Amino acid sequence: QVQLVESGGGLVQAGGSLRLSCAASGTIFGINAMGWYRQAPGKERELVATITRAGNTNYAASVKGRFTISRDNAKNTVYLQMNSLKPEDTAVYYCNMKYIPSAWLGSEYDRWGQGTQVAVSS
């Protein structure tokens, strides 16, 4: 059974920093991409940052220059370093993984974490 375990969320003052972690475990043949998405109350879920196994990154315009996504392929773990946090960053942050569970399946699976709350006070 594949599991995504998220950690690092919490409450922080504006201008502060948080580091989110998401570790994948279980039967995973290969990870194509991992990333972070967020959803604020009354808003649609939006992309924050993604990173491929090769290291290619993609960021939402609103977080460029403030957030950094990284990964440790050996640990099947993705991180999101969030600096200069703003109240508008307040949301539930979800870890995402696009992966191939086995060598013979030949199709990509899409797994979501349970979400972790990030709250930024002014």
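Below, the structure is looked at part by part. (Residues numbered from 1 in each chain as written. Predicted model: local features only at pLDDT ≥ 70, side-chain atom pairs only at ≥ 80, totals over all residues. Heavy atoms only, no water.)

### Concerning the packing of aromatic side chains
- Across all of its chains, the model carries 2 aromatic pairs by this definition.
- A cation sits over an aromatic face here: Arg45 above Tyr94, 3.8 Å from the ring centre. (Phe/Tyr/Trp six-rings, centres within 6.5 Å; stacked < 30°, edge-to-face > 60°. Lys NZ or Arg CZ within 6 Å of the ring centre and 35° of its normal.)

### Observations regarding the pattern of salt bridges
- Enumeration over the complete set of coordinates arrives at 4 salt bridges.
- Asp89 is paired through a salt bridge with Arg38; the nearest N and O atoms lie 3.0 Å apart. Separated by 51 residues along the polypeptide, Asp89 in the loop between β8 (77-82) and β9 (91-100) and Arg38 in strand β4 (residues 30-39) bring together distant segments of the chain.
- Judged by its relative accessible area of 6%, Arg38 falls in the buried class.
- Taking the shortest distance from any N to any O, the salt bridge between Asp89 and Arg66 comes out at 2.7 Å. With Asp89 in the loop between β8 and β9 and Arg66 in the loop between β6 (57-59) and β7 (67-72), this pair connects stretches of sequence that are 23 residues apart.
- Residues joined by salt bridges that share partners form a network here, namely Arg38, Glu46, Arg66 and Asp89. (Salt bridge = Lys/Arg side-chain N within 4 Å of Asp/Glu carboxyl O. Helix = DSSP H or I, 4+ residues; strand = E, 2+ residues; numbered from the N terminus. Buried < 20%, exposed > 50% of the residue type's maximum accessible area, 1.4 Å probe, protein only.)

### Some remarks on a nonpolar patch on the surface
- A grouping of Trp104, Leu105 and Tyr109 is seen on the molecular surface, where their side chains present a nonpolar patch of about 380 Å² in accessible area.
- Relative to the helices and strands, Leu105 is located in the loop between β9 and β10 (109-112). (Patch = residues over 30% accessible without salt bridge, like charges linked within 9 Å, V, L, I, M, F, W, Y side chains within 5 Å. Areas by Shrake-Rupley, 256 points an atom, 1.4 Å probe, with all protein chains shown as cover.)

### Notes on the side chain of Glu6
- If you trace the backbone, Glu6 turns up in strand β1 (residues 3-7).
- Notably, Glu6 is buried but unbridged: the nearest opposite-charge side chain belongs to Arg45, and the N-O separation is 8.4 Å.
- A distance of 3.1 Å separates a polar atom in the side chain of Glu6 from a polar atom in the side chain of Gln114.
- Within the structure, the side chain of Glu6 is placed 2.7 Å from the backbone nitrogen of Gly115, a separation counted as a polar contact. (Lys, Arg positive; Asp, Glu negative; His and termini not counted. Polar contact = N/O pair within 3.5 Å; in protein donor to acceptor, adjacent residues only side chain to side chain.)

That is the geometry; function is a separate question.
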